[in-house]
Structures are given as structure tokens and as C-alpha cells.
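# Remarks on the overall topology
Each chain, written out:
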Amino acid sequence: MSESSGHDAVRDLLAMDALDALSPADRAALDRHLTTCDECKRELAALRDATASIAAALPPRPMAPERQQGMRARLVARAIEDRAGITPIRGGSSSPSSPTSPPQSAASATQSARPTFARWLAAAALLLAIGAIAYDFSLRGTIQRLSVARAELRDSTSALERRLADQQAILDGLTGPGVRVIDASVASARQPYARMFWDQLTNRWTFVAHNLPATAPGHTYQLWLVTRDQKKVSAGTFTPSAGGFALVRATYPLSPDSLAAIAVTNEPAGGSAQPTTTPFLVGAAAKTD
Amino acid sequence: MPNDSDSDAALVARMAAGDEQALGVLYDRWATTVHTLAYYLLGQADDAEDAVEETFWQAWREAGRYDASRGAVSTWLSTIARSRALDRQRARRRRAEEPLDGVVPSSDGSGGIAGSRSPAANPQQEAEASERARDIAAALEKLPAEQREVIELAYFGGLSQSEIAARTSLPLGTVKTRARLALEKLRAPLAQHREGAP
Ligand SMILES: [Zn+2]
């Protein structure tokens, strides 16, 4: 069987594939054909549905109700754990770090700073963390949950403190094969630090900061995405909670290699079109490859 | 057509986004179908239930990989379920060196699986196996006997095309053709049940 085989030649292979009974050689031949033939792909989908219909034609054999409900509860509980209880942080290849031990990560984050952005970096009080995050569904779930939780708690500062601490614990644990987080902080426990999560598939940005000083009356913080060609894109304005927390979400498409840094400036209330002050937080983006 | 927010495909998308409630709803909707399939593949209640749990767990973990262009959600679940159940069937066969006929119920001379059956372990298991065999034969009743045999060996026995050819002493091309004709007969009534796909 070669890839030049037409529909007729692969027709019998389609049925066998729908039954998962193809030999590896036939399977490879079929896969080659399917890459170029939408008609056969549709046919295979229809045959797969036909195969699945065999189960539907059998007399139903339900589980005992209490066993079915017990299994449901187990599955949902496992899913919650799976979504939130993610394994300990794994740093980027060049600078492994752990958010639970900020003092250790300070040095590696400093090493990851890029001298090409010396102008910004010199002005910075400290480095932020930027995580360039490849697609990962557990991260997306966590971000969604953060968003929902934030909406629910907008009116309650104390509850917000509690829940954000909880959410931060979840974020702290974010990891997985597709996730890269570079963390940075300073040794002092009360220094500001922040982390940016960038879901590069959906272009969603989630910025989480701690220990931020309160803004002066009539002023606001503004978050910026700094591109490699020195363009500064506003990702929104924000004011921290009484406890110094902030969480900012934004959607902005950016190609993976074009981010140089993120920065936070102090701006007049309402924000500015371009930064008007020296940023007090800057995080350099490591190359994503 | 189900509305967008609770269609099977929407539930799987929500699962991919980390929504465990969507997993619960999908489970409520399909647990019986999945258990039915597992039961007919495995027979034993405990094994079948384990396969169901593995199926929905795998669906949760792999929800992001569901591709509607490859078939309906129910098809995707059935594929997972069958795969998990066949894993157990093969493991059991290896453990007990159980002949295939002990796993795939014979159809009592009604055109089902050819060959001799292994003696059942006890009369109750034998009765259950016969009942399953009758049910399977009934589900495939619109198929001619020679096509049904191929489907039973492939779908319920988990045999590869060459294993089916060896077992039936048929040329491989004949096995393939019978499988295709069988699926083409089975697909007709299904069209109404497909959802989501264009
Ligand atoms: Zn084709």
C-alpha cells in the first residue's frame, strides 16, 4: 500500500481501523493517505461512529445505583485534585526555581536577566518572574478558577485576601511537562514580588503580585508588556488590595519570541498611553526555546 | 440537536478547561453505555466497573485531545472504554491462559464464533456467558453470519486482522471486506444519533 493509493484501495483499511484491528504496516499506509484525503477522514469518522453504535445496540447493563454514584464522587474528587494539586514547581531549563523558597531563587533570576535591557533593568527595584507557559489544561483550569473566584469575591476584601492566598498556593504549585516558570524574589519576606503566567496558546496573561505598597491617592499601577523592539503595551491598570495583593488578567496576542520583559509603573489614575515613570518592577523574559 | 452549553462536545471542552462538574455530567450521561460495553467485553462486574472508572478518568486527562472531526464524543468514550476493557481481557487471558472462547461468548451455533468453547468455571458463569452471547448476536442481527463473526472477533475479542484471518482460515482480504460491509450496514441507523459533527 502506498500513499498514492486511492479511496478504493484504502476503503477496507478504514473499516479495519475503525475496529482497531489494522496491522501496523496498514495503519501507517492509511495514516499517510489520511493526511491528504479529507473524504477518507470523514468516512473513517462515520465508520468509527458505526462501530461505537454496537455498544448502543446491546441491552443496557447499568451499574448498581449506589456504586455508580460512588464512582462519580471518586472521579469528580480526583479531578479536583488533579486540577489543583499540581506537583512541585519545575523551573525553566536555565534557572530552576521554587516559589516556596524565594531566597534561593533570587540568584538564579538575577542570572537570567538580559543585559540588553539594562536601561529597564537598572531602574528596577527587583526582578519579577515571568513564566512562559506552554499549553496545559490544568493551568487553564486554574486560571479559569482564579477568574471565577475573583468575580465572586470582589466585594469582600478580607475574603479576597483569604481566597487569593489560596489561589496563590495553587499558582505556586503550577507545573507540568509544558509549563515553564522562572521565579524571582529577594530574601526579605515583605519585599514585593510577582509572577506572570503567559498561556501562549490562548494569549492570556495572568499577573499575580504580593507585598505591593499601596498606591498614592489619584494614582494607579499599570502593567506593561515590553516587546523586543521596545514597544510598551499596556496590560491594564490595577491597585493592590490592603494586603498588597494584585491579580491582573489580560488577553493580548504576542508571538512567543517577541516579549522582552514585563514592567509595572506608577501612573496617574486612569492609566497612561505610555509609561510616564520609571518602572519599579521589571521582569525579563527568558527565551522560550 | 442539544444546545451548545450542555452538548457532549461542550462538556468535553469544559473538562479540558479544568471543569470537573462537566466530567460529572458527562459521566451521568454515558456511564451506563460505557458500563454496558465493558460488561459485554469482560463479563465480571468488578472488572467492568474498573474499566468504566478508568475510561472516564482517561477522558478527563485527555479531554484536550478530543477531536470532533474523528467522531462523536460517545464514539470517543466507547473507543477508550473498549481499549481499557480489552487491556483487562488480555491481562486476564495471560493470567489464566484463558482461551479466547472463554472471554468472547460463543453464539450457540447461531453463526457466532466458530470453534470449541472452553468449559465455563461454573454453571452460573456459563449461563451468563450464553446470555451475553445471545445479546451480542441480537445486537448484530442485521448482519449475515459471516460478517457478524468478523465483528465479534474484532470488536468483542480484540483480535487483529491477521489474527482473525488465522482463526477463521479466511484470506486477509476477505476479512477486511467483511468488516467493511458489516460496518456499512451498521452505520445507517446511527446517523440520527450523531451530534455536534457537521
Ligand atoms: Zn481517500
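Residues numbered from 1 in each chain as written. Chains lettered and ligands numbered in written order. Predicted model: local features only at pLDDT ≥ 70, side-chain atom pairs only at ≥ 80, totals over all residues. Heavy atoms only, no water.

### Overview of the overall build of chain B
In terms of helices and strands, chain B carries 9 helices and 0 strands. Ordered by position from N to C terminus, the α and β elements of chain B give α-α-α-α-α-α-α-α-α. In chain B, once contacts between residues fewer than 6 apart in sequence are set aside, the share between residues at least 24 apart is 59%. (Helix = DSSP H or I, 4+ residues; strand = E, 2+ residues; numbered from the N terminus. Contact = heavy atoms within 4.5 Å.)

### Describing the overall build of chain A
A count of helical and extended segments in chain A gives 8 helices and 8 strands. The buried share of chain A, taken over its 289 residues, is 53%. Here the analysis covers contacts within chain A between residues at least 6 apart in sequence; of these, 68% occur between residues at least 24 apart. Accessible surface computed for chain A: about 12900 Å², of which carbon and sulfur atoms make up 54%. (Buried < 20%, exposed > 50% of the residue type's maximum accessible area, 1.4 Å probe, protein only. Areas by Shrake-Rupley, 256 points an atom, 1.4 Å probe, with all protein chains shown as cover.)

### Concerning the nonpolar core
Within the largest apolar cluster, 74 residues are counted, with the highest numbers of intra-cluster contacts made by F56(B), L77(B), I151(B) and F156(B). For this core, the leading source of residues is helix α2 (residues 20-42) of chain B, giving 13 residues. Of all hydrophobic cores here, the second largest spans 23 residues; its members include F207(A), A250(A), L254(A) and V264(A). (Core = buried A, V, L, I, M, F, W, Y, C linked by side-chain atoms within 4.5 Å.)

### Describing the interface of chain A and chain B
Where the parts come together, the accessible area they lose is often given as the size of the interface. Between chain A and chain B, the residue contacts involve 49 residues of the former and 57 residues of the latter. Between chain A and chain B the total buried area reaches about 5100 Å² when both faces are included, carbon and sulfur atoms providing 58% of it. Here chain A is connected to chain B by 9 salt bridges. Across the pair R74(A) and E53(B) runs a salt bridge whose closest N-O atoms are separated by 2.7 Å. (Buried area = accessible area lost by both parts, 1.4 Å probe. Salt bridge = Lys/Arg side-chain N within 4 Å of Asp/Glu carboxyl O.)

### Side note on the sheet that holds strand β8 (residues 281-284) of chain A
Residue and element names in this part refer to chain A. As summarised here, the arrangement of the 4 strands in space is β5-β4-β7-β8, forming an open sheet in which the pairing is antiparallel. The sheet is open, and its two edges are formed by β5 (232-238) and β8, each paired on a single side. Pairwise comparison of adjacent strand axes, ignoring direction, gives a mean angle of 20 degrees for this sheet. Pairing geometry for strand β4 (residues 219-227) and strand β7 (residues 259-268), over 9 bridges, is antiparallel. Along β7, the bridge assignment pairs Y221 with N266. (Pairing = 2+ DSSP bridges. Axes fitted to C-alpha atoms, helices over the stretch in contact; angles between N-to-C directions.)

### Topic: the packing of aromatic side chains
Residue and element names in this part refer to chain A. Enumeration according to the criterion identifies 5 aromatic pairs over all chains in this entry. Ring centres of Y221 and F238 lie 5.6 Å apart, and the angle between their planes is 45 degrees; this geometry places the pair in the tilted category. Highlighted residues: Y221 in strand β4 and F238 in strand β5, separated in sequence by 17 residues. In this structure, Y221 and F238 share a single accessibility class: buried. (Phe/Tyr/Trp six-rings, centres within 6.5 Å; stacked < 30°, edge-to-face > 60°.)

### Quick word on the pattern of salt bridges
Taken as a whole, this structure holds 23 salt bridges over all chains when the rule is applied. Among the salt bridges present, the one from R82(B) reaches D20(A), with a minimum N-O distance of 3.2 Å. Taken together, the residues span two chains, with R82(B) in helix α4 (residues 73-96) and D20(A) in the loop between α1 (7-18) and α2 (24-34). For R82(B), a relative accessible area of 4% translates into the label buried. A salt bridge links D8(B) to R29(B); its shortest N-O distance comes to 2.6 Å. Pair noted here: D8(B) is in helix α1 (residues 8-16) and R29(B) is in helix α2, with a separation of 21 residues, a long-range link.

### Focus: the confidence of the model for chain A
All names here are of chain A. Scored by pLDDT, chain A comes out at a mean of 70, with 61% of its residues at no less than 70. Per-residue pLDDT, averaged within each element of chain A, yields its smallest value for helix α5 (residues 102-112) (36) and its largest for α2 (91). Low confidence marks residues 86-117, where pLDDT is under 50. Its contacts with residues over four positions away, or in another chain, come to 66 contacts. Across residues 121-137 the pLDDT falls below 50, and counting only partners more than four positions away or on other chains, this stretch makes 75 contacts in the model. (pLDDT = per-residue confidence, 0-100.)

### Considering the pairing of strand β2 (residues 193-199) of chain A
Residues and elements named next belong to chain A. In terms of burial, β2 is a largely internal element, 7 of the 7 residues being buried. Here β2 shows no split at all, with Y193, R195, F197 and D199 on one side and A194, M196 and W198 on the other all buried. Two elements, β2 and strand β3 (residues 204-210), share 7 bridges in a ladder whose sense is antiparallel. What sits directly across from F197, in β3, is T206. Hairpin connection of β2 to β3: 4 residues between the antiparallel strands, including N203 at a positive phi of 60 degrees.

### Observations concerning the environment of T168(B)
Residues and elements named next belong to chain B. Inspection of the secondary structure assignment puts T168 in helix α8 (residues 161-168). C-alpha separation for the pair T168 and L153, spaced 15 residues apart in sequence, amounts to 9.6 Å. When neighbours within four sequence positions are excluded, T168 is seen to be in contact with E149, L153 and V175. Among the polar contacts listed, one links the side chain of T168 to the backbone oxygen of I164, at a separation of 2.7 Å. (Polar contact = N/O pair within 3.5 Å; in protein donor to acceptor, adjacent residues only side chain to side chain.)

### Describing the packing of helix α3 (residues 38-57) of chain A against helix α7 (residues 145-156) of chain B
Geometrically, a packed helix pair is captured by the angle between its two axes and the distance between the axes. Where α3(A) meets α7(B), the axes come as close as 12 Å, and the angle between the chain directions of the two elements is 90 degrees. Considered as vectors, α3(A) and α7(B) are oriented roughly perpendicular to each other. Along its contact with α3(A), which presents T51(A), A52(A), I54(A) and A55(A), the element α7(B) presents I151(B), Y155(B) and F156(B). When grouped by side-chain class, the residues that make up the contact of α3(A) with α7(B) number 6 nonpolar, 1 polar and no charged. (Parallel < 35°, antiparallel > 145°, perpendicular 65-115°, else oblique. Nonpolar A, V, L, I, M, F, W, Y, C, P; charged D, E, K, R; others polar.)

### Thoughts on the packing of α2(B) against helix α3 (residues 45-61) of chain B
Residues and elements named next belong to chain B. Packing of α2 against α3 brings their axes to within 8 Å, and their N-to-C directions diverge by 140 degrees. One element, α2, and the other, α3, form an angle in the oblique class. Considering how the two elements wind past one another, α2 and α3 form a crossing that is right-handed. Residues E20, L23, L26, Y27, W30, A31, V34, H35, A38, Y39 and L42 of α2 touch α3, and the partners they reach there are D47, A48, E49, A51, V52, T55, F56 and W60. (Left-handed = near helix turned anticlockwise from the far one by under 90°.)

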